[in-house]
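Below, each chain spelled out in residue letters.
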Amino acid sequence: SPIGKIAKSLSEEYEEDIKMNLDGVAIIYKKNKFKVIGDPQYIDSDNREKVFGLGVTMNVKSLSQDVLFVVTHLKSTKSEQGEQLRERQINLLLKELIKNDEGIPMILCC
């Protein structure tokens, strides 16, 4: 997982010890470029496809545009059946679990 390297880099940049879980999701952003709008959406894995994720609406300051950033960690085997499961997980996440009533642009990171 690259999260250990990210935590180390952030610790050096901010000159403080930053710890992160090795399994999970995160959205890391620069405060001078983005502003969080509203509350994050936390999706736990208690759903039919066992998918979890995080959705955060942020204003992209340089564009004066709100964007919904969604991150998830898809878990499955590397097979045709696994690919079908990942597709079901993404569809459930985007169509039912993450709320985007305003229809703003969305960026999904897996």
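Whatever comes next refers back to the structure up there.
Okay, so let's go over this structure. (Residues numbered from 1 in each chain as written. Predicted model: local features only at pLDDT ≥ 70, side-chain atom pairs only at ≥ 80, totals over all residues. Heavy atoms only, no water.)

Now for the packing of aromatic side chains. Under the criterion given, the structure shown has 1 aromatic pair. For the ring pair F34 and F69, a centre distance of 5.8 Å and an interplane angle of 90° mean the geometry is edge-to-face. You can see F34 sitting in strand 1 (residues 34–43) and its partner F69 sitting in strand 3 (residues 65–72), a full 35 residues away along the chain. Judged by relative accessible area, F34 falls into the partly exposed class, the value being 22%. (Phe/Tyr/Trp six-rings, centres within 6.5 Å; stacked < 30°, edge-to-face > 60°. Helix = DSSP H or I, 4+ residues; strand = E, 2+ residues; numbered from the N terminus. Buried < 20%, exposed > 50% of the residue type's maximum accessible area, 1.4 Å probe, protein only.)

A few words on the pattern of salt bridges. Scanning the model with the defined rule gives 3 salt bridges in all. Note that E96 is salt-bridged to R48, the shortest N-O span being 2.9 Å. Of this pair, E96 sits in helix 2 (residues 80–97) while R48 sits in the loop between strand 1 and strand 2 (53–60); the two residues are 48 residues apart in sequence, bridging distant segments of the chain. In this structure, the salt-bridge partner of E83 is R86, at a minimum N-O distance of 2.4 Å. Of this pair, E83 and R86 both sit in helix 2, separated by 3 residues, roughly a single helical turn. Judged by relative accessible area, R86 falls into the buried class, the value being 12%. (Salt bridge = Lys/Arg side-chain N within 4 Å of Asp/Glu carboxyl O.)

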